[in-house]
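Working through the structure, step by step
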Amino acid sequence: MRAGARADVPPGEGRSVRVDDRWVALFHDPDRGFLAIDDACPHEGTSLGEGAYHDGQVICGSHSWVFDAVTGRCRSVPGVSVACYATRAAGEDVEIELPEDPAGRPPDAGDAKA
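Now for a look at the structure at hand. (Residues numbered from 1 in each chain as written. Predicted model: local features only at pLDDT ≥ 70, side-chain atom pairs only at ≥ 80, totals over all residues. Heavy atoms only, no water.)

**Comments concerning the overall build of the chain**
Per the secondary structure count, the chain includes 0 helices and 9 strands. In the chain, the succession of helices and strands from N to C terminus is β-β-β-β-β-β-β-β-β. Counting only contacts in the chain whose residues sit at least 6 apart along the sequence, the fraction spanning at least 24 positions is 39%. Total accessible area computed for the chain in this model is approximately 6200 Å², and 46% of it derives from carbon and sulfur atoms. (Helix = DSSP H or I, 4+ residues; strand = E, 2+ residues; numbered from the N terminus. Contact = heavy atoms within 4.5 Å. Areas by Shrake-Rupley, 256 points an atom, 1.4 Å probe, with all protein chains shown as cover.)

**Things to note about the packing of aromatic side chains**
Evaluation of the coordinates by the stated rule reveals 2 aromatic pairs. Relative to Y53, the ring of F27 lies with its centre 4.9 Å away and its plane at 15 degrees, an arrangement referred to as stacked. With F27 in strand β3 (residues 22–29) and Y53 in strand β5 (residues 52–54), this pair connects stretches of sequence that are 26 residues apart. The exposure classification of F27 matches that of Y53, with both residues buried. Judged by centre distance (6.5 Å) and plane angle (40 degrees), the ring pair of W65 and F67 falls under tilted. (Phe/Tyr/Trp six-rings, centres within 6.5 Å; stacked < 30°, edge-to-face > 60°. Buried < 20%, exposed > 50% of the residue type's maximum accessible area, 1.4 Å probe, protein only.)

**Details of the sheet that holds strand β2 (residues 13–19)**
Strand order across the open sheet formed by 6 strands is β1-β9-β8-β4-β3-β2, with antiparallel pairing between neighbours. Strand pairing shows two members of the sheet lacking a second neighbour, β1 (2–5) and β2, which therefore form its edges. Adjacent strand axes in the sheet meet at a mean angle of 30 degrees, parallel and antiparallel pairs treated alike. Note that β3 and strand β4 (residues 33–38) share 6 bridges and pair antiparallel. From the neighbouring strand, D29 faces β4, where its bridge partner is G33. (Pairing = 2+ DSSP bridges. Axes fitted to C-alpha atoms, helices over the stretch in contact; angles between N-to-C directions.)

**A word on the pairing of β2**
The pairing of β2 with β3 spans 7 bridges and is antiparallel. Looking across to β3, one finds that R18 is bridged to W23. Joining the antiparallel neighbours β2 and β3 is a turn of 2 residues, in which D20 adopts a positive phi near 55 degrees.

**A word on the sheet that holds β5**
The strands making up a sheet associate through hydrogen bonds between their backbones, and the pairing can be parallel or antiparallel. Taking strand neighbours across the sheet as the criterion, the 3 strands line up as β5-β6-β7 in an open arrangement whose pairing is antiparallel. Every interior strand has two partners, whereas the edge strands, β5 and β7 (66–68), have only one. For this sheet, the mean inter-axis angle between neighbouring strands, taken without regard to orientation, is 25 degrees.

**Describing the side chain of R22**
Mapped onto the elements, R22 comes out in strand β3. Of the side chains bearing the opposite charge, D38 lies closest to the buried R22, which forms no salt bridge; the N-O distance is 4.1 Å. Polar side-chain contacts of R22 include one of 2.7 Å to the side chain of Y85. (Lys, Arg positive; Asp, Glu negative; His and termini not counted. Salt bridge = Lys/Arg side-chain N within 4 Å of Asp/Glu carboxyl O. Polar contact = N/O pair within 3.5 Å; in protein donor to acceptor, adjacent residues only side chain to side chain.)

**Section: the nonpolar core**
Ranked by size, the top nonpolar core spans 15 residues in total, and within it F27, I37, L48, W65 and F67 carry the most contacts. Only β3 and β4 provide two or more residues apiece to this core. If near-sequence neighbours (up to four positions away) are discounted, F67 is found in contact with C41, P42, L48, G56, Q57, V58, G72, R73, C74, V80 and V82. Grouped together as the second largest cluster of nonpolar side chains are 12 residues, V9, V17, V24 and L98 included. (Core = buried A, V, L, I, M, F, W, Y, C linked by side-chain atoms within 4.5 Å.)

Right under this line is the structure:
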């Protein structure tokens, strides 16, 4: 699914993007390309796409939990993680592969951005 234009996420930065019915944090890592994880921090739902990004890690803006944008693991709290999604460049766009629920639709991520 199309997540947005590659030019919308400069190298070294992240953005929150709505893909179908869910919010995803999309990061443009200069060495790794585009990385995508769930946007909501599991602690209080703060947007990870709006957090500080550096060298494959994103820092939640609310309580400074640090997440690995490649694996989704929280480096601050063992056992906590967020989902990661495969990405690919498609011309000038970035596409994200989202899992489907048994009915064939991407699951709803809730109303984190209401």
